[in-house]
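Each chain is listed here by its residues.
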Amino acid sequence: IALELPAGFVVIDLPIAAGEDAHVVGRRAAEAAIAIVAPGSALGYDGTRPIVAPASSSSSTAGASVSITHTRGRAIALAGHVAHLGVDLVDDADAERIAAIALRYFTAGELTLCADRHAYTCVFAAKEAALKALGLGLLDGGAFDRAWPVRVVSLDPPELDTDGDALVLVIGRAGN
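The rules behind these values
- Numbering of residues starts from 1 in each chain and follows the order in which that chain's sequence is written.
- pLDDT decides what is reported in this predicted model: residues at 70 or higher carry local features, side-chain atom pairs at 80 or more are listed and counted, and totals for whole chains, interfaces and linings draw on all residues regardless.
- To get the side-chain values, take all heavy atoms of the structure and skip hydrogens and water.
- Any residue with an atom within 4 Å of a point lines the site, the site being either a cavity, points on a 1 Å grid over the protein atoms alone where a 1.4 Å probe fits but cannot get out, or a pocket, an open set with protein on both sides within 12 Å along at least 5 of 7 lines.
- Grid points are joined across faces, edges and corners, and a volume is the space filled by probe spheres set on the points.
- A run of H or I in DSSP counts as a helix once it spans at least four residues, and a run of E counts as a strand once it spans at least two, with each numbered from the N terminus.
- Lys, Arg, Asp and Glu make up the charged group, whereas Ala, Val, Leu, Ile, Met, Phe, Trp, Tyr, Cys and Pro make up the nonpolar group; the residues left over, Gly among them, are polar.
- By this definition, two strands are paired if DSSP reports at least two bridges between them.

Student: Would you explain the layout of surface pockets in this entry?
Tutor: Gaps left between atoms show up when a probe the size of a water molecule is rolled over them. The volume enclosed by the largest pocket comes to roughly 960 Å³. Lining the largest pocket are 41 residues; nearest its centre among them are Thr 48, Pro 50, Ile 68, Glu 128 and Lys 132. Listed by contribution, the elements that provide at least two residues to the lining of the largest pocket are helix 1 (22–37), strand 2 (41–46), strand 3 (49–54), strand 4 (65–70) and helix 4 (117–133). Broken down by element, the residue count for the lining of the largest pocket peaks at 6 residues, all from strand 4. For the lining of the largest pocket, the residue count by class is 18 nonpolar, 12 polar and 11 charged.

Structure representation (structure tokens):
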């Protein structure tokens, strides 16, 4: 996947081999991204949310963040020096499933953005990445009760409305 990222951000994209645990590969990608962005730091967790943690009492994370996503065939980690960071990737093969739930969970405005199957996956990925950036998951972020704190208002150019919080959104198209 080719993403144009602001300076200081690193994306690590690793393939997931048949039989390999996607979460393990995702952690490996995150560790590699952290090593570049915040040398001397390590991958840690705040609950289930990945964070950049000091590797020792003498190291500093220097305000770095990390986010992880995976599909059936790839794991991606994004790291950078920002307070909030989220990444998500959805296979276009999941577009039918996402389109089926979209009527129930997307806003009317988001549904107007969904002109084709790929747009459904883009809206879903944007919403999930934003939830990750806010430190929330699908369940605690209200995804399944129409209470998403994030609304996608445009895919071209990418734009989110989070009631005052600024988020950077980068949408790339996966080749799988």
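Student: I tried to follow the pairing of strand 3 on my own but got confused; where do I start?
Tutor: For a regular strand, the rule is simple: side chains alternate between the two faces of the sheet. Across 6 bridges, the pairing between strand 2 and strand 3 is antiparallel. Bridging from a neighbouring strand, Ala 42 pairs with Ala 53 of strand 3. Connecting strand 2 to the antiparallel partner strand 3 that follows it, the hairpin turn spans 2 residues, and Gly 47 within it adopts a positive phi of roughly 70°.

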